[in-house]
Amino acid sequence: MPQTIAVLDFGSQLTQVIARRIRECQVFSKIYHYSTPAAKLREEGVVGIILSGGPQSVYAKTAPHPDAAIFALGVPVLGICYGVQLMGHFLGGHVAHSKAREYGHGHLAIQKPGKLFAGLPRKLRVWNSHGDKLTKLPPGFRAIGTTDNSPFAAIEDTKRGFYGIQFHPEVFHTEHGVDMIRNFLLGVCGAQQDWTTKDFIAHTVAAIRAQVGKGRVILGLSGGVDSSVAAALLHKAIGKQLTCVFVDNGLLRKGERDYVEKLYGRHFHIDLRVVDASKLFLRRLKDVSEPEQKRKIIGATFVAVFEKSLKSIGHTEFLGQGTLYPDVIESVSIAGNPASLIKTHHNVGGLPARMKLKLVEPLRELFKDEVRRVGEALGLPREVVWRQPFPGPGLGVRVMGDITAEKLEILRNADAVLHEEMMASGFYYKVWQSFCVFLPVKTVGVFGDERTYDYVIALRVVESTDAMTADWAKLPHDLLQKISGRITNEVRGVGRVVFDISSKPPATIEWE
Ligand code: XMP
């Protein structure tokens, strides 16, 4: 067991972000239930404890409290937000409901840098989110930083190695937040920096083996980043006990199925079952033009096809999934934390519950950029690890209105041209998404001496960091000219190419 930083989880939605920041400092950490006995933490070689934030008030009847003995373990403790209030409450200070709830940006003035703020500027913008605050210091503590609203925004007891901060160092909006955490880990706890992506892989491989034993794992491979990295990791752990199912729904891009077969089947030697269900999908989608209806049909058909393929594979106990932390952040409690459940995560259409499958989710605690690093370390090619997002319903929501094989073929060919040019120019990896949309509108043109009457293709190329907002990408005119020229010349059935110059909001990234 490597030496460990324990993050006690009091139900904050940011607990996993704290763990992520610790990983960024290359230190090993584990998230524990808030009530974990101090004796267990000692047994596990814990060299420092971080108390997370939480939604409760320390005085509430249902407030989660830690084992008081953690303060007598002789290891440093850092309390964040609710965590510092707990320190006040347990160690003889006083916490009161604050009249002004502090939410959002605040200004921290550091009076005494000490170990926690070593090397940092004296004035920092920090991010707050709290209702209660410390009003009296516990004995042995002194204030080292203040905000407008809080004379005890940062406190320390250097003798015991106890530190508390009222704001959130783990969020991106707090300047030098990760440096504060690093200072605590290295300067106060003396933790070793020996936790890397390679260690994560080794640790996860061992955990998968322990969970699965001799059982069989089925994974629905889409070819996207998450399911690809999950497949590669599971394969490394359990080899032939993993079966991947790739469903060709007829709504894939050009060459996609071939690529997946070559990469995973032939290169990685994964037991890959490709199910060609394209005819079934197209039949069920016939004459359906309403976007949500299309999505429902595609989702339900996928589940039916996947379920049928499971039956043909034989007895299976486990379903592998490439779930990432942002997928669960609002949905379930990690390591049994008491965070209120906001929404239920949609597993593959409720399959695990109905088929009594146990989930194996090796990426469940990672963020996207960490998953990409794991993918690279596992030897997945750049075009998989850095692939642009592609919606589950695929080209089904990029053919406007009703879907036919002919329209799909036109879209696929146009999209392949765009993809080639984006790759060749290097813009593919610079933008968030670049794709074609099929518009079922015929317009007049001339080709040679002939009058034509053909469809329209829209190019949608956007920049974004999280898909919540997006701006249309300002591609060079000569590149646009080349793409448009190639599509109208090479793709039969297209007479006109337009470029979408709408931002999100008000437009969405996809057209449907
Ligand atoms: P919008 O169009 O809402 O898209 O701006 C935001 C991001 O989500 C992707 N997207 C989907 N992904 N199923 C998915 O798995 C869907 O039905 C779906 N609709 C949109 C979209 O490609 C973009 O990255």
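Residues numbered from 1 in each chain as written. Predicted model: local features only at pLDDT ≥ 70, side-chain atom pairs only at ≥ 80, totals over all residues. Heavy atoms only, no water.

### What to know about the environment of Arg295
Step number 1: Its place among the elements puts Arg295 in helix 9 (residues 291–313).
Step number 2: It is 36 Å that separates the C-alpha atoms of Arg295 and Thr197, two residues lying 98 residues apart in sequence.
Step number 3: If sequence neighbours within four positions are ignored, Arg295 has contacts with Pro393, Val397 and Glu512.
Step number 4: For Arg295, the side chain forms a polar contact with the main-chain oxygen of Glu512, separated by 3.2 Å. (Helix = DSSP H or I, 4+ residues; strand = E, 2+ residues; numbered from the N terminus. Contact = heavy atoms within 4.5 Å. Polar contact = N/O pair within 3.5 Å; in protein donor to acceptor, adjacent residues only side chain to side chain.)

### Overview of the pattern of salt bridges
Step number 1: One pass over the structure, following the stated rule, counts 30 salt bridges.
Step number 2: One salt bridge connects Arg273 with Asp271, and the closest N-O pair in it is separated by 3.2 Å.
Step number 3: The class for Arg273 is partly exposed, based on a relative accessible area of 32%.
Step number 4: Between Arg486 and Glu490 there is a salt bridge, and its shortest N-O distance comes to 2.8 Å. In this pair, Arg486 and Glu490 both sit in helix 15 (residues 477–490), four residues apart, roughly one turn of the helix.
Step number 5: Classification of Glu490 as partly exposed rests on a relative accessible area of 47%.
Step number 6: Several salt bridges share partner residues, and in doing so they unite Arg20, Arg21, Glu24, Asp369 and Arg373 into one network. (Salt bridge = Lys/Arg side-chain N within 4 Å of Asp/Glu carboxyl O. Buried < 20%, exposed > 50% of the residue type's maximum accessible area, 1.4 Å probe, protein only.)

### Section: the packing of aromatic side chains
Step number 1: This model, assessed by the stated rule, comprises 13 aromatic pairs.
Step number 2: Considering the side-chain rings of Phe302 and Phe306, the 5.6 Å spacing of their centres and the 15° angle between planes classify their relative orientation as stacked. Taken together, the residues Phe302 and Phe306, both in helix 9 and four residues apart, mark about one turn of the helix.
Step number 3: Phe302 sits in the partly exposed class, given a relative accessible area of 29%.
Step number 4: Put simply, the rings of Phe71, Phe90, Phe141 and Phe162 touch in pairs and so form one group of aromatic residues. (Phe/Tyr/Trp six-rings, centres within 6.5 Å; stacked < 30°, edge-to-face > 60°.)

### Re the sheet that holds strand 14 (residues 358–360)
Where strands meet in a sheet, backbone hydrogen bonds hold them as pairs that are either parallel or antiparallel.
Step number 1: Strands sit in the order 12-11-10-13-14 across an open sheet of five strands; the sheet is parallel. The open sheet has two edge strands, strand 12 (271–276) and strand 14, and neither has a second partner. When strand polarity is set aside, the average angle formed by the axes of neighbouring strands in this sheet is 30°.
Step number 2: Of the pairings in the sheet, the one linking strand 11 (residues 242–248) to strand 12 comprises six bridges and is parallel in character. Following the sheet pairing, Asp248 is matched in strand 12 by Asp276.
Step number 3: Docked against the sheet, helix 6 (residues 225–238) engages strand 10 (217–220), strand 11, strand 13 (318–320) and strand 14, running at close to 160° with respect to strand 10.
Step number 4: Docked against the sheet, helix 9 engages strand 10, strand 11, strand 12 and strand 13, running at close to 140° with respect to strand 11. (Pairing = 2+ DSSP bridges. Axes fitted to C-alpha atoms, helices over the stretch in contact; angles between N-to-C directions.)

### A few points about the site of the ligand
Step number 1: If you check the shell around the ligand, you find Arg295, Pro389, Pro391, Gly392, Pro393, Trp432, Gln433, Ala467, Lys504, Thr508, Ile509 and Glu510 and nothing else.
Step number 2: Separating an oxygen atom of the ligand from a side-chain N or O atom of Gln433 is a distance of 2.9 Å.
Step number 3: Here the ligand has 490 Å² of accessible area as a free molecule, and 68% of this is covered by the chains. (Near = heavy atom within 4 Å. Areas by Shrake-Rupley, 256 points an atom, 1.4 Å probe, with all protein chains shown as cover.)

### A few points about the environment of Arg21
Step number 1: By the element assignment, Arg21 lies in helix 1 (residues 15–24).
Step number 2: Under the relative-accessibility criterion, Arg21 is labelled buried at 14%.
Step number 3: Spatially, the C-alpha atom of Arg21 lies 15 Å from that of Gln192, the residues being 171 residues apart in sequence.
Step number 4: For Arg21, the contacting residues outside a window of four places in its chain are Glu170, Phe172, Val178 and Ile181.
Step number 5: Among the polar contacts made by the side chain of Arg21, one reaches the main-chain carbonyl oxygen of Glu170 at a distance of 2.8 Å.

### A word on the environment of His235
Step number 1: With respect to the helices, strands and loops of the structure, His235 is situated in helix 6.
Step number 2: Note: C-alpha distance between His235 and Phe184 (51 residues apart in sequence) is 37 Å.
Step number 3: What His235 contacts, discounting residues up to four positions off in sequence, is Leu242, Phe268, His269 and Ile270.

### Focus: the pairing of strand 3 (residues 46–51)
Step number 1: Of all six residues making up strand 3, five are buried, and the element is well covered by its neighbours.
Step number 2: Across five bridges, strand 1 (residues 4–9) lies against strand 3 in parallel orientation. Within strand 3, the residue paired with Thr4 across the bridge is Val46.
Step number 3: Of the pairings in the sheet, the one linking strand 3 to strand 4 (residues 77–80) comprises three bridges and is parallel in character. The partner of Leu51 across the bridge, within strand 4, is Gly79.

### Some thoughts on helix 3 (residues 82–91)
Step number 1: Burial within helix 3 is extensive, with eight of its 10 residues counted as buried.
Step number 2: Within the sequence span of helix 3, burial applies to Tyr82, Gly83, Val84, Gln85, Leu86, Met87, Gly88 and Leu91.
Step number 3: Immediately downstream of helix 3, the backbone of Gly92 shows phi near 95°, a positive value.

### What about the side chain of Glu170?
Step number 1: Summarising the element assignment, Glu170 is placed in the loop between strand 9 (162–165) and helix 4 (177–188).
Step number 2: Salt bridges are absent for the buried Glu170, whose nearest opposite-charge side chain, Arg21, sits at 7.4 Å.
Step number 3: Here the side chain of Glu170 touches His168 through a polar contact of 2.8 Å, side chain to side chain.
Step number 4: Setting aside anything within four residues of it in sequence, one finds Glu170 in contact with Leu14, Val17, Ile18, Arg21, Ile80 and Ile181. (Lys, Arg positive; Asp, Glu negative; His and termini not counted.)

### Here we look at the packing of helix 8 (residues 278–285) against helix 9
Step number 1: Where helix 8 meets helix 9, the axes come as close as 10 Å, and the angle between the chain directions of the two elements is 145°. Crossing hand, helix 8 versus helix 9: right-handed. Each of Leu280, Phe281, Arg284 and Leu285 in helix 8 lies in contact with helix 9, whose residues at this interface are Lys294, Ile297, Ile298, Thr301, Phe302 and Val305.
Step number 2: Here the contact of helix 8 with helix 9 is composed, by residue class, of seven nonpolar, one polar and two charged. (Left-handed = near helix turned anticlockwise from the far one by under 90°. Nonpolar A, V, L, I, M, F, W, Y, C, P; charged D, E, K, R; others polar.)

### What to know about the side chain of Ser29
Step number 1: With respect to the helices, strands and loops of the structure, Ser29 is situated in strand 2 (residues 29–33).
Step number 2: The exposure class of Ser29 is buried, given its relative accessible area of 14%.
Step number 3: Discounting chain neighbours no more than four positions away, the residues touching Ser29 are Thr4, Ile5, Val7, Ala19 and Ile22.

Shape descriptors only; they carry no functional weight alone.
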